[in-house]
Amino acid sequence: MEQPLGVRPPFNPNVDGKSDIKERFYRYFQEEVTELQEQMSQLESHSLIGGERQDAIDHCLAGISRLSNEVADASDYIPAYDQRTYGQAVKALTEKLHETRSKFAPKSRFQFKSTGKNGSAISLNDAAELAAQQRLKPRPGFLSSNESSMATTPANLRTPPGELRDTVGDLPSLSKNYNDEMQRLDGPVRKPSFSQATNVNISGHTGLHIILPSSASRATSSGSVTKMNRCIVDMSVPTANGAPFAGLALKNIRDSLIVAGHVAGAAHITAVENSVIVVASRQVRMHDCKNVDIYLLCGSRPIIEDCHNVRFAPIPKYHAGASEENTQNQWDQVDDFKWIKAEPSPNWSILPEDERLGESIWENVVPGGPGVGLEDILQKIGIARR
């Protein structure tokens, strides 16, 4: 199926294998930055009538969240130093969107929690001009095995003297790494605060029970949960009281329970297998998922593509916020973009009521407790060890 209008295909490291994958990712990243900047510049031109402007904002938020997720996924072929640079660029995009919104919108409960411009983020103007001029080919002798693969800003595009320089070499060390902290902590449940972060990024864990405390409400500009195996992640607390994620990405998750909480924009769910998901979102898109039960509150028709055996149920009352009681829940109005026949799609179904997890499970079992470990919970919700 063709890509929907306005949606770019994700970076595919497996195509054109003869070319330098680092250079291809760099080209892709700069083009994405340029496109997102263009979308931000057009936000004010969108009408407030019918939620047109909010839809455009949600599109930008989803694009930034997806780009952040792709940077995390690039760890297999992008040096750590370059990942830090890309991460700073994504952070600068987030701050740029917040700045753009503040020019024409009143203060909203869905604000980003940035406290000021990040002087060490890669320059977005430089990024846009680099992409436009395609200054991407490595120069002879430019890289050695011990050097970064990131191209340096050409002299004619560098920040004028007297201003903070945004060059790669001037980047400071990363802020607190909450994923490392979760690995080091002891105890049956990990509760990372994310109090020093602007977004929630949980990635690369096996066999952890993670519950975000209320302090993480400061970091809900975007959320991503990736590369998880046999984990329980509960993000409902910080997103329940007026601080939903602006956008959310769930990707590469197996044999896990993800209580994603509330999302003001779109939730993108990709490559999730043998798992249970709970989410309240304005929009839900699922790609390449199989054997997934999803308990859903959705303000629009959920979309699936390249999925198999996805079962839908309404969100449990325990996780439905009071502010959404009057929301029309379209959890069962699913569109399968890869099924064009008249008969119903065989790729999704309604989860039978007698197979749905009861309210007591969500309230008393999933949070854990004395003598109740991660494997006990996974078995009680139907995710048995294989």
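All of these numbers come straight from a predicted model, not from anything done at the bench.

Asks: Got a minute to help me understand the overall build of the protein chain in this structure?
Replies: On a plain count of helices and strands, the protein chain comes out with eight helices and eleven strands. Burial statistics for the protein chain: of 386 residues in total, 47% are counted as buried. At a minimum sequence separation of 6, the contacts of the protein chain that also span at least 24 residues come to 51%. Carbon and sulfur atoms make up 48% of the accessible area of the protein chain, which amounts to about 19100 Å² in all.

Asks: Hey, could you run me through the pattern of salt bridges in this one?
Replies: Oppositely charged side chains can pair when the atoms bearing their charge come close. Under the counting rule described, the total for this entry stands at eleven salt bridges. Of the charged contacts, one joins Arg230 and Glu375 as a salt bridge, the two residues approaching to 2.7 Å between their closest N and O atoms. Placement of the pair is Arg230 in the loop between strand E3 (223-229) and strand E4 (232-234) and Glu375 in helix H8 (residues 374-380), with a sequence separation of 145 residues. Overall, the relative accessible area of 23% leaves Glu375 in the partly exposed class. Measuring nitrogen to oxygen at the nearest pair gives 2.8 Å for the salt bridge that ties Lys338 to Asp306. Highlighted residues: Lys338 in the loop between strand E10 (335-336) and strand E11 (348-350) and Asp306 in the loop between strand E8 (303-305) and strand E9 (308-314), separated in sequence by 32 residues. Among the residues examined, Lys338 registers a relative accessible area of 34% and is labelled partly exposed.

Asks: Hey, could you run me through the nonpolar core in this one?
Replies: Side chains that are nonpolar tend, in soluble globular proteins, to be buried together. Membership of the largest hydrophobic core comes to 42 residues, with the highest contact counts inside it found for Phe194, Ile202, Met235, Met286, Ile294 and Phe312. Examining the composition of this core, we find that ten residues originate from one element, strand E6 (residues 257-287), more than from any other. Setting aside residues no more than four positions away along its own chain, Ile294 makes contact with Ile269, Ile277, Val279, Val284, Met286, Val310, Arg311, Phe312 and Ala313.

Asks: Explain unusual backbone geometry to me, please; I cannot follow it from the model alone.
Replies: Glycine aside, the phi torsion of most residues is negative, and most peptide linkages are trans. In the Ramachandran plot, Lys227 falls in the positive-phi region, its phi being about 55 degrees despite a non-glycine side chain. Within the fold, Lys227 resides in strand E3. The phi angle at Ala271 is positive, at roughly 55 degrees, despite the residue not being glycine. Tracing the backbone shows Ala271 in strand E6. Given the relative accessible area of 23%, Ala271 is considered partly exposed.

Asks: How should the environment of Met182 be read in this particular structure?
Replies: Considering the arrangement of structural elements, one finds Met182 in helix H5 (residues 178-184). If we skip the residues at most four places from it in the chain, Met182 touches Arg190, Pro192, Phe194, Ile202, His205, Leu208 and Ile210.

Asks: Please clarify how the packing of aromatic side chains should be interpreted in this entry.
Replies: What describes a pair of aromatic rings is the distance from one ring centre to the other and the angle between the planes of the rings. Inspection of every chain in the model, using the stated rule, returns eight aromatic pairs. Centre to centre, the rings of Phe29 and Tyr86 are 4.5 Å apart; their planes meet at 55 degrees, and the pair counts as tilted. Within this pair, whereas Phe29 is found in helix H1 (residues 21-41), its partner Tyr86 is found in helix H3 (residues 80-104), the two being separated by 57 residues in sequence. On the basis of relative accessible area, Phe29 is assigned to the buried category, the value being 2%. On the accessibility criterion, Tyr86 (2% relative accessible area) is buried. By the ring-pair criterion, three or more aromatic residues cluster together here, those being Phe25, Tyr28, Phe29, Tyr77 and Tyr86.

Asks: When you look at the environment of His59 in this model, what are you seeing that I'm missing?
Replies: Within the fold, His59 resides in helix H2 (residues 52-73). Among the residues examined, His59 registers a relative accessible area of 37% and is labelled partly exposed. C-alpha separation for the pair His59 and Ala266, spaced 207 residues apart in sequence, amounts to 8.1 Å.

Asks: I'm lost on the pairing of E3 in this one. Help?
Replies: A large share of E3 lies buried, amounting to five of its seven residues. Pairing analysis gives six bridges linking strand E1 (residues 200-206) to E3, with the strands arranged parallel. Among the inter-strand pairings, Asn201 is bridged to a residue of E3, identified as Ser224. Pairing geometry for E3 and strand E5 (residues 248-254), over six bridges, is parallel. From the neighbouring strand, Gly223 faces E5, where its bridge partner is Leu248.

Asks: Please clarify how the packing of H1 against H3 should be interpreted in this entry.
Replies: When two helices pack together, their arrangement is captured by the angle between the axes and the distance separating the axes. Remark: H1 packs on H3, axes separated minimally by 11 Å, with the N-to-C direction vectors making an angle of 5 degrees. Classed by the angle they form, the pair H1 and H3 counts as roughly parallel. Contact with H1, carried on its side by Lys22, Phe25, Tyr26, Phe29, Val33, Leu36, Gln37 and Met40, involves Tyr86, Ala89, Val90, Leu93, Lys96, Leu97 and Thr100 of H3 and no other residues of that element. Tallied by class, the residues present in the contact of H1 with H3 amount to eleven nonpolar, two polar and two charged.

Asks: Hey, could you run me through the confidence of the model for the protein chain in this one?
Replies: Close reading of the predicted structure is inappropriate where its pLDDT is low. Of the residues in the protein chain, 76% reach a pLDDT of 70 or more, and the chain-wide mean stands at 78. Note on residues 1-6: pLDDT is under 50 here. Beyond four places in sequence and across chains, it has seven contacts. Here residues 107-122 is a poorly scored stretch, pLDDT under 50, and it has 33 contacts once near neighbours within four places are set aside; other chains count.

Definitions and cut-offs
Residues numbered from 1 in each chain as written. Predicted model: local features only at pLDDT ≥ 70, side-chain atom pairs only at ≥ 80, totals over all residues. Heavy atoms only, no water. Helix = DSSP H or I, 4+ residues; strand = E, 2+ residues; numbered from the N terminus. Buried < 20%, exposed > 50% of the residue type's maximum accessible area, 1.4 Å probe, protein only. Contact = heavy atoms within 4.5 Å. Areas by Shrake-Rupley, 256 points an atom, 1.4 Å probe, with all protein chains shown as cover. Salt bridge = Lys/Arg side-chain N within 4 Å of Asp/Glu carboxyl O. Core = buried A, V, L, I, M, F, W, Y, C linked by side-chain atoms within 4.5 Å. Phe/Tyr/Trp six-rings, centres within 6.5 Å; stacked < 30°, edge-to-face > 60°. Pairing = 2+ DSSP bridges. Axes fitted to C-alpha atoms, helices over the stretch in contact; angles between N-to-C directions. Parallel < 35°, antiparallel > 145°, perpendicular 65-115°, else oblique. Nonpolar A, V, L, I, M, F, W, Y, C, P; charged D, E, K, R; others polar. pLDDT = per-residue confidence, 0-100.

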